[in-house]
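Residues per chain are reported as follows:
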Amino acid sequence: MKRPLQIAVDGPAGSGKGTAASMLGKVLKLPVLDTGLLYRFVAWRAMESRVDLNNTDAFLSFVSLALKTMSWRTEGVFFDGKDCTSLLRGEDVGAVASKVASMPAVREALLQMQQTLAIQGCVMDGRDIGTVVLPEAQVKFFLTASLRERGRRRWLQLTPLAQRKQSLEQMIKEVALRDQRDSERTLAPLKQAEDAIVIDSTTLRQDEVVDRMLRVLKRRDLIELDEYR
Ligand code: CDP
């Protein structure tokens, strides 16, 4: 029997991996799982509850309790039965997410959750999907773009009110800082898998990125391209 199709999409902030993963999942009718939301959820709960990230033991019991109150699916993250995804998207939550993501025990707690949901087949996006979470994925993409373009995209995603509070240059600095933290951590750093296909999206539209992905899948005989035209 054929193994359900698993597609890993990794890359730094603003590389367009989330949009590409979600468009690809829609076209292929596969669940799309955004793993960044899990780290963002843990960060958001920690911020709301003002727990001390430096008190490792207390923080870990907090994380395991927080995970019991949530559910994670294609539509996003639900907390106490309510969709809280939009509350997780800000760059402030992203910055704390990148801190909690460098804690080995947090990664461990989230790993199994990700692997269990992926069994049914999926497009999964994150930082370590091709390297750690789904090393057996049939296809791995690594999306990238210039720092300036990624900062610009993230800045445009913010509401006009948030944009007034933060300049484009500040946003580029924040994205660079998060890149550095994500790439330099010892456990599951942001890095492309050896067998990943790199797509630089600096000058590409989202539909062109997805088109390239579909061609790769076709070349590997994983899909019939004509079905998706
Ligand atoms: O959307 P964006 O690329 O800004 O970030 P995200 O994918 O939502 O992830 C937020 C943070 O969570 C990242 O900066 C990483 O530190 C962490 N993360 C991770 O370590 N591993 C993953 N598989 C996904 C996210």
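Above: the structure in question.
Residues numbered from 1 in each chain as written. Predicted model: local features only at pLDDT ≥ 70, side-chain atom pairs only at ≥ 80, totals over all residues. Heavy atoms only, no water.

*Asks:* So what's going on with the site of the ligand? Residues and values would help.
*Replies:* For the ligand, the set of nearby residues contains 18 residues, the closest of which are Lys17, Arg40, Arg154, Arg178 and Asp182. For the ligand, an oxygen atom lies 2.5 Å from a polar atom in the side chain of Lys17. Taking Arg40, its side chain carries an N or O atom lying 2.6 Å from an oxygen atom of the ligand. Alone, the ligand offers 530 Å² of accessible surface; in the complex the protein occludes 96% of this. (Near = heavy atom within 4 Å. Polar contact = N/O pair within 3.5 Å; in protein donor to acceptor, adjacent residues only side chain to side chain. Areas by Shrake-Rupley, 256 points an atom, 1.4 Å probe, with all protein chains shown as cover.)

*Asks:* Lay out the sheet that holds strand 8 (residues 197-200) in plain terms, naming residues and giving numbers.
*Replies:* As summarised here, the arrangement of the five strands in space is 2-6-1-7-8, forming an open sheet in which the pairing is parallel. Of all the strands in the sheet, the pair left with one neighbour each is strand 2 (32-34) and strand 8. On average, each strand axis in the sheet is tilted by 20° relative to the strand beside it, whichever way the strands run. With five bridges connecting them, strand 1 (residues 6-10) and strand 6 (residues 122-126) associate as parallel partners. For Ile7, the partnering residue across the bridge sits in strand 6 and is Val123. Together, strand 1, strand 7 (139-144) and strand 8 form the strand contacts of helix 10 (residues 206-219), whose direction differs from that of strand 7 by roughly 155°. (Pairing = 2+ DSSP bridges. Helix = DSSP H or I, 4+ residues; strand = E, 2+ residues; numbered from the N terminus. Axes fitted to C-alpha atoms, helices over the stretch in contact; angles between N-to-C directions. Contact = heavy atoms within 4.5 Å.)

*Asks:* Can you tell me about unusual backbone geometry, naming the residues and giving the values?
*Replies:* With a phi close to 45°, Ala188 is a non-glycine residue in the positive phi region. Along the chain, Ala188 turns up in the loop between helix 9 (168-184) and strand 8. Residue class for Ala188 comes out buried when judged on its relative accessible area of 9%. (Buried < 20%, exposed > 50% of the residue type's maximum accessible area, 1.4 Å probe, protein only.)

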